Structures are given as C-alpha cells and as structure tokens.
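Each chain, letter by letter, is given below.
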Amino acid sequence: TEVLFFRLTVKRLFCTSHSSVDSKEMKNFQRLAHKWWDEEGEYSALHSMNDIRVPFIRDTLLNTNSNYHLGKPLSGVKILDVGCGGGLLSEPLGRLGASVTGIDPLEDNIRTADQHKSFDPVLAKRIQYKSSSLEEIVEESMETFDVIVASEVVEHVADLEMFIKCCSQVLKPEGSLFITTINKTQLSYVLGIVVAEKIMGIVPEGTHEWEKFVPPEELEHLLELNGFSVKTVNGMLYNPLSGSWSWMESTSVNYAVHAVKSGAQGQSSPTDALSEMESEQHSATAGTAM
C-alpha cells in the first residue's frame, strides 16, 4: 500500500507541475466560444457526431453493467468530460442519468455551457462545469470518475503522454476512457484540413494542425504504457453532403477508442517510480530544448 501511494504521489506531482494545454489552440477556440449551440454553424459536425458517439458510450457501458435504470441507463455513473467546450456531449450524457463534470480551460466556453444547461432544471442538477485543465483537477480528483470522455481533444493538447497519464490518475480502477480523434494520414490531411477547412468550411480554417493528429497505434501504445487495456478501435466517417456520421472499418481518417484502466496495480518499488519520474522529466526537458 505504501509503495502504491508513493507511486501515485509521484505521478500526481508530475501532472500538477506540467500542462497539456496549448495556448495557441486556446486562442483559436476563443473566437468561437459563443457559437457552440448553433447547430448550423462552425460546430455542426460535432452536433451530428452525437448521433454515434453518445450511443457508443452508452451501449459500451451498458454491456459491462446490467443494473441500470430504465430511462436513466447511466444513473449513478460519474463522468468527466475533458475539453467539454459548450457542453455538446455533457448534456446528452446528463440526460441519460449520468453525473457529469465538464472541464475546459477556456472560461468563455464554460460560461456558454453553464448558460445553456440552465434552461433545463434536470441538467442543472446533474452537470457541473469548471474552467480548468485536466492537470489542475488531478490533486482533488484522484480516482474519482467511473468514465472519462475526451472527444475531439487529444489532437489539440500540447503533451499527449502527460494527458493520458493524468486521465489514468483521475479515473477509478476498471474505469472506462472514451476518445474520438483524427488519424495522421495523407487522407486525413486532404479530408480533414484541405476539404473540411479550406474548401467546404465545415470547420474554421486553422482549427487543426496535421502534425498533431494521432495515429491509433501511437494512442494505443500510450494507453497501454499508462495502465489501460484497449478494448475497441472503430473507424468513423463524416459525410459533408448529408451532415451525418457513420461507423466504418477503416480508421484512416476519424476513429473512436474505448480503453479500460487496469483494476490491479502492478507491484513496483519507490526506485522504479523515481526512475520513471526522472525519465519523464528528461523527456520533457528534451522536448523543450527541441
């Protein structure tokens, strides 16, 4: 128990002393903070994504737990929505009965989310929003949540490995992590940036940087290194003509991941934990130097 506590403390200190928030990315989203709930506007593709990502989260969780309340299938489930924006995913999860905490580093996004949920007294009780980065809540939320959702977030963070590490810290053992993001392929550059941003204007130009797109193999590797078992990787396809999403076998553009945090912590010594921390700090220093 003492070894486990030491290891968790070391990782917590690492998370709280670093930030995965990219200030350049935040400036891009700042301009559109008031437009989250315009279903025909810049975030229309995220609105329609709810048609497949919400059932994906709901059904995956129900398959692991048969004790659910009819009409409120996620009742009693504590969900952390990381990078919640204006609450586009937090609200439907709250309507399914979940207790949702939505965090976003942009205060304007949180104001928009708070204002919109206030129109529904039920959601006002089930959802709370905080202007915060993931790293900032690690200290107060160690192993607090049953589920973490990070939808269209990891391609915007400054340090993906630390982001995954901190997700592990705030997630309960055997908790679920859901991620949707964009693969790093030539096709994703053409469709995700050239077509979506420059030609059709489905999302504002400059929203994405192809260099920060994440191949599923890289994401799976980082998840496994941080105590997760990857259960599902599904390809996603957006049809700009119909404005709708569908599942597909190929992960060459968009994809969704479901991973489960290990319930049994491996045995390790304080020396192992210190070595890991030193390695992380060396990597961070090297990255800064580059």
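Below you will find a few notes about this structure. (Residues numbered from 1 in each chain as written. Predicted model: local features only at pLDDT ≥ 70, side-chain atom pairs only at ≥ 80, totals over all residues. Heavy atoms only, no water.)

Below, the discussion takes up the sheet that holds strand S5 (residues 171–182). Strand order in this open sheet of eight strands is S3-S2-S1-S4-S5-S8-S6-S7, and the pairing throughout is mixed. One side of each edge strand has no neighbouring strand; the edge strands of this open sheet are strand S3 (127–131) and strand S7 (244–248). Between one strand and the next, the sheet's axes are offset by a mean angle of 20°, whatever the strand orientation. Where S5 lies against strand S8 (residues 254–261), seven bridges are found, and the strand directions are antiparallel. (Pairing = 2+ DSSP bridges. Helix = DSSP H or I, 4+ residues; strand = E, 2+ residues; numbered from the N terminus. Axes fitted to C-alpha atoms, helices over the stretch in contact; angles between N-to-C directions.)

The next subject is the pattern of salt bridges. Inspection of every chain in the model, using the stated rule, returns nine salt bridges. Taking the shortest distance from any N to any O, the salt bridge between glutamate 107 and arginine 111 comes out at 3.8 Å. Here arginine 111 and glutamate 107 lie together in helix H5 (residues 107–117), a separation of four residues that amounts to about one turn. Put simply, arginine 111 and aspartate 108 hold a salt bridge, and the shortest N to O gap is 2.1 Å. Here aspartate 108 and arginine 111 lie together in helix H5, a separation of three residues that amounts to about one turn. Here aspartate 108 falls in the partly exposed class, since its relative accessible area comes to 24%. The structure contains a network of salt bridges with shared partners spanning Glu107, Asp108 and Arg111. (Salt bridge = Lys/Arg side-chain N within 4 Å of Asp/Glu carboxyl O. Buried < 20%, exposed > 50% of the residue type's maximum accessible area, 1.4 Å probe, protein only.)

The residue glutamate 152 is not glycine, and still its phi comes out positive at about 60°. As for its placement among the helices and strands, glutamate 152 is situated in the loop between strand S4 (145–151) and helix H8 (160–170). Under the relative-accessibility criterion, glutamate 152 is labelled buried at 15%. We note that glutamate 174 has phi near 70°; this positive angle belongs to a residue other than glycine. Examined against the element boundaries, glutamate 174 turns out to sit in strand S5.

On to the nonpolar core. Core analysis: the largest hydrophobic core is formed by 36 residues, its most contacted members being Leu74, Ile79, Leu93 and Val149. Put simply, the parts of the chain that give this core at least two residues each are helix H3 (44–63), H5, S3, S4 and strand S6 (228–239). (Core = buried A, V, L, I, M, F, W, Y, C linked by side-chain atoms within 4.5 Å.)

In this section: the pairing of S7. Bridging between S6 and S7 involves five bridges; their strand directions are antiparallel. Paired with methionine 236 across the two strands is tryptophan 247, which belongs to S7. The hairpin turn running from S6 into S7, its antiparallel successor, is four residues long, and glycine 243 in that turn takes a positive phi close to 70°.

Bringing H8 into the picture now. For H8, a buried count of 10 out of 11 residues is recorded, marking the element as mostly surrounded by other parts of the structure. Along H8, the residues classified as buried are Leu160, Met162, Phe163, Ile164, Lys165, Cys166, Cys167, Ser168, Gln169 and Val170. Measuring from the side-chain oxygen of the N-cap residue of H8 to the backbone nitrogen of glutamate 161 gives 3.4 Å; that N-cap residue is aspartate 159. (Polar contact = N/O pair within 3.5 Å; in protein donor to acceptor, adjacent residues only side chain to side chain.)

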